[in-house]
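Chain by chain, the residues run as shown.
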Amino acid sequence: MRRSVGRSLAGIALILSAGTVTACRSASPEVAGPVAQSSAPSEAHQHVGMWVTADGHIRQELRADGRYDEARGERRSAYTGRYEVRGDHIDYWDDSGFTADGRFDGDVLHHGGYLFYRENSEAHRRARSPQS
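All of the points below concern the structure found in this document. (Residues numbered from 1 in each chain as written. Predicted model: local features only at pLDDT ≥ 70, side-chain atom pairs only at ≥ 80, totals over all residues. Heavy atoms only, no water.)

### Quick word on the nonpolar core
In terms of nonpolar packing, the biggest core is built from ten residues, these being Trp-51, Ile-58, Leu-62, Tyr-68, Tyr-83, Ile-90, Tyr-92, Phe-104, Leu-109 and Phe-116. Counting only elements with at least two residues in this core, the list comes to strand 5 (58–62) and strand 8 (89–94). Setting aside anything within four residues of it in sequence, one finds Trp-51 in contact with Ile-58, Arg-59, Gln-60, Leu-62, Phe-104, Gly-106, Asp-107, Val-108, Leu-109, Phe-116, Tyr-117 and Arg-118. (Core = buried A, V, L, I, M, F, W, Y, C linked by side-chain atoms within 4.5 Å. Buried < 20%, exposed > 50% of the residue type's maximum accessible area, 1.4 Å probe, protein only. Helix = DSSP H or I, 4+ residues; strand = E, 2+ residues; numbered from the N terminus. Contact = heavy atoms within 4.5 Å.)

Here it is in structure tokens:
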């Protein structure tokens, strides 16, 4: 579906399919490629919620709308962006332009060289308790 929207928006098209919006941009309306894709899931997945390091220094909220917000120490929203989960794999697209990924193993998230735990899970409690 393409509609003329005037000179200021020439070369931009929106493609709607299966609940996903893909924005396309091109110098020529005849040649358009994907620029960004919404990650808003049609339903929440099992990994939505707060994920924290054992010491609580890094806190990453995976929101149901496909966005994440990561706090570091006292710095709120140190990193924000969108994410997608496929099975036990997560891909991140940070608003500042970098990408990252990770892997879920039950209530543990392996990401960026860190271990994150689902907040208040048994795995989180074990990680916080002193080893004897």
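### A short note on the side chain of His-111
Looking at where His-111 falls in the secondary structure, it is placed in strand 10 (residues 108–111). A polar contact is formed between the side chain of His-111 and the backbone oxygen of Asp-101, at a distance of 3.1 Å. Contact partners of His-111, with chain neighbours within four places excluded, come to Gln-60, Glu-70, Tyr-92, Ala-100, Asp-101, Gly-102 and Phe-116. (Polar contact = N/O pair within 3.5 Å; in protein donor to acceptor, adjacent residues only side chain to side chain.)

### Let's talk about the sheet that holds strand 10
Within the closed barrel, the eight strands sit side by side as 4-5-6-7-8-9-10-11. Their pairing is antiparallel. Each neighbouring strand pair of the sheet contributes to a mean axis angle of 30°, computed without reference to strand direction. Looking at chain direction, strand 7 (residues 75–86) and strand 8 are connected through six bridges and run antiparallel. Looking at strand 8, one finds that Gly-81 is bridged to Asp-94. (Pairing = 2+ DSSP bridges. Axes fitted to C-alpha atoms, helices over the stretch in contact; angles between N-to-C directions.)

### Regarding the packing of aromatic side chains
In the structure shown here, the tally under the stated rule is four aromatic pairs. On the numbers, 5.1 Å between centres and 85° between planes, the contact of Tyr-68 with Tyr-92 is edge-to-face. Of this pair, Tyr-68 sits in strand 6 (residues 67–72) while Tyr-92 sits in strand 8, placing them 24 residues apart in sequence. Tyr-92 carries the same exposure label as Tyr-68, and that label is buried. An angle of 65° between the planes, with centres 6.2 Å apart, marks the rings of Tyr-114 and Phe-116 as edge-to-face. Given a relative accessible area of 1%, Phe-116 falls into the buried group. Seen from the ring of Trp-93, Arg-82 lies directly overhead, with NZ or CZ sitting 4.0 Å from the centre. (Phe/Tyr/Trp six-rings, centres within 6.5 Å; stacked < 30°, edge-to-face > 60°. Lys NZ or Arg CZ within 6 Å of the ring centre and 35° of its normal.)

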